[in-house]
Amino acid sequence: MGSEGGEKKALGWAARDPSGVLAPYSYTLRSTGADDVYIKVICCGICHTDIHQIKNDLGMSNYPMVPGHEVVGEVVEVGSDVIKFTVGDVVGVGVIVGCCGSCKPCSSDLEQYCNKRVWSYNDVYTDGKPTQGGFADTMIVNQKFVVKIPEGMAVEQAAPLLCAGVTVYSPLSHFGLMASGLKGGILGLGGVGHMGVKIAKAMGHHVTVISSSNKKKEEAMEHLGADDYVVSSDPEEMQRLADSLDYIIDTVPVFHPLEPYLACLKLDGKLILMGVINTPLQFLTPLVILGRKVISGSFIGSIKETEEVLAFCKEKGLTSTIEVVKMDELNTAFERLHKNDVRYRFVVDVAGSNLVEEAATN
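Everything numeric here is computed off the predicted structure, so don't read it as measured data. Here the residue index of a chain counts from 1 through its sequence in written order. The predicted origin of the model limits local features to residues at a pLDDT of at least 70 and limits the giving and counting of side-chain atom pairs to 80 or more, whereas totals for whole chains, interfaces and linings rest on all residues. Derived side-chain values reflect all non-hydrogen atoms in the structure, with water molecules and hydrogen atoms excluded from consideration.

**Structural notes on the overall build of the protein chain**
In step 1: In DSSP terms, a helix is any run of H or I states spanning at least four residues, a strand is any run of E spanning at least two, and both are numbered starting from the N terminus. Broken down by element type, the protein chain carries 11 helices and 17 strands.
In step 2: Taken over C-alpha atoms, the radius of gyration comes to 20 Å for the protein chain, in line with the 21 Å a tight globule of 362 residues would show.
In step 3: Along the first, second and third principal axes, the C-alpha set of the protein chain runs to 65 × 40 × 35 Å.
In step 4: The rule is simple: take the accessible area with a 1.4 Å probe, protein chains only, and divide by the maximum for that residue type; under 20% is buried, over 50% is exposed, in between is partly exposed. Residues counted as buried form 52% of the 362 residues belonging to the protein chain.
In step 5: Residue contacts are defined here by distance: any two heavy atoms, one from each residue, within 4.5 Å place the two residues in contact. By sequence separation, contacts in the protein chain at least 24 residues apart represent 67% of the contacts at least 6 residues apart.
In step 6: Residue-level accessible areas treat just the shown protein chains as cover; the underlying method is Shrake-Rupley with a 1.4 Å probe. When the accessible area of the protein chain is evaluated, it comes to approximately 15500 Å², of which 52% is carbon and sulfur surface. Two things to know: the radius of gyration comes from C-alpha atoms, and the globule rule equals 2.2 Å times the number of residues to the power 0.38.

**Comments concerning the pattern of salt bridges**
In step 1: We count a salt bridge whenever a side-chain nitrogen from Lys or Arg sits within 4 Å of a carboxyl oxygen from Asp or Glu. One pass over the full model with this rule turns up 16 salt bridges.
In step 2: Arg 240 serves as the salt-bridge partner of Asp 228, at 2.8 Å between the closest nitrogen and oxygen. Remark: Arg 240 occurs in helix 7 (residues 235-240) and Asp 228 occurs in strand 12 (residues 228-231); sequence separation between them is 12 residues.
In step 3: Residue class for Arg 240 comes out partly exposed when judged on its relative accessible area of 44%.

**Section: the state of the cysteines**
In step 1: Disulfides are defined as pairs of cysteine sulfur atoms found within 2.5 Å of each other. In the structure shown here, the tally under the stated rule is 0 disulfides.
In step 2: The thiol of Cys 99 is unpaired, and the distance to the nearest cysteine sulfur, on Cys 106, comes to 3.5 Å.

**Quick look at the sheet that holds strand 15 (residues 294-297)**
Backbone hydrogen bonds hold the strands of a sheet together, and the pairing may be parallel or antiparallel.
In step 1: Across the sheet, 6 strands lie side by side as 12-11-10-13-14-15; this open sheet has parallel pairing. In the strand order of this sheet, the two ends are held by strand 12 and strand 15, each with one partner. Sheet twist, expressed as the mean angle between neighbouring strand axes with direction ignored, is 20 degrees.
In step 2: The criterion for strand pairing is that DSSP finds at least two bridges linking the strands in question. Note that strand 11 (residues 206-211) and strand 12 share 4 bridges and pair parallel. Residue Thr 208 lies in a different strand from strand 12, and its bridge partner there is Asp 228.
In step 3: Interaxial angles span 0 to 180 degrees and are taken between N-to-C directions of axes, which are lines fitted to C-alpha atoms, for helices over the stretch in contact. This element, helix 5 (residues 191-202), spans strand 10 (183-187), strand 11 and strand 13 (245-250) of the sheet and lies at about 165 degrees to strand 11.

**Notes on the packing of helix 4 (residues 164-174) against helix 10 (residues 303-316)**
Pairs of packed helices are described in terms of their axes, by the angle between the two and the distance that separates them.
In step 1: Between helix 4 and helix 10, the shortest axis-to-axis distance is 9 Å and the interhelical angle comes to 105 degrees. In this view, helix 4 runs roughly perpendicular relative to helix 10, as classed from their interaxial angle. Contacts from Gly 165, Val 166, Tyr 169 and Ser 170 in helix 4 reach Glu 305, Thr 306, Glu 308, Val 309 and Phe 312 in helix 10.
In step 2: Charged residues are taken to be Asp, Glu, Lys and Arg, nonpolar residues to be Ala, Val, Leu, Ile, Met, Phe, Trp, Tyr, Cys and Pro, and polar residues to be all remaining types, Gly included. Of the residues in the contact of helix 4 with helix 10, the class split is 4 nonpolar, 3 polar and 2 charged. Working definition: roughly parallel below 35 degrees, roughly antiparallel above 145 degrees, roughly perpendicular at 65 to 115 degrees, and oblique for all remaining angles.

**Some points on the packing of aromatic side chains**
In step 1: Stacked, edge-to-face and tilted are the three classes for Phe, Tyr and Trp ring pairs, Trp counted by its six-membered ring, which pair at centre distances within 6.5 Å; planes under 30 degrees apart are stacked, over 60 edge-to-face, the rest tilted. This structure, assessed with the given rule, holds 5 aromatic pairs.
In step 2: Geometrically, the ring pair formed by Phe 135 and Phe 334 is edge-to-face, given 6.3 Å between the ring centres and 90 degrees between the ring planes. You can see Phe 135 sitting in the loop between strand 7 (118-119) and strand 8 (138-142) and its partner Phe 334 sitting in helix 11 (residues 330-338), a full 199 residues away along the chain. When sorted by exposure, Phe 135 lands in the same class as Phe 334, which is buried.
In step 3: An aromatic cluster is defined as three or more aromatic residues linked by ring pairs; in this entry it consists of Tyr 113, Trp 119 and Phe 299.
In step 4: In this scheme, Lys NZ or Arg CZ marks a charge over a ring once it lies within 6 Å of the ring centre and within 35 degrees of the ring normal. Lying across the ring of Tyr 38, Lys 8 places its NZ or CZ 5.0 Å from the centre.
In step 5: In this structure, Lys 144 packs its charged tip against the face of Phe 145, placed 5.9 Å from the ring centre.

Pasting the structure below:
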């Protein structure tokens, strides 16, 4: 067991206004409580949602803000009631770090749908302190929201699974879409989309990538293992997909029409929305009614599902396609991500970066 001492200093990189520019920032963490795990951050993935948050695209950002919710680190201290982890364990922390614990979602191990969930950053914890994310040297997290990284899994490979990986795995599991032989579509080939191709292929699905251009076709087919590739602006190609897919995982984070993709679904097919979009989407109801089709959303995954996807990827030998950067490259990485200039997930080498230099408290 570890000690439960006083507040601890942390160093991270924070956005201070909607420009989204990150710079060194020092702040305090709460003391390690009885159920808390004190973590030294090793690395942290960059998610497209981080852009929305640091730039206040959704109108709810609070500054200073240390983003990052695909966190992998080493346990350096545990509270007196912690039973899941010991010092030296390699662990992960995802999108949420708190929930009410008593509502129906919480009671069903679906804490990500709790109306009182606490985000890993840009939120307020139960003690009244702002939560800060994984682009920092340390975090303190309740043991319920920490998962063990499987032994032998590379830390930088594990990071994207804590958001991108489980975001794909969760709806496939929930909707009973894990059986071999299904035909699935992955709309958008970014951080989440590339994991969608890999996970669906590992489940034995026939996978079609649907993209806005041909520029990622070779990558999708030869490196990620997709079975087919269709350019969404090509009417003949889209017609070829009509009534053929059991599901489409829609990862596109900007406004786009839904009708072309609904037309690709079989009877009872499912269009599963994952992109955070702040403008209304629309569709013609006959496309849904005449095929008993379903438009659904899915939000990350539960802690249980996170553990499952980590075990699944370890068993299948699945890896993320990543680019590792240092902390002083963080702003450039965000600019590149905004332009979709990454294959396919940035992971920040936090432990190997110099966070101390020029750290500021304002």
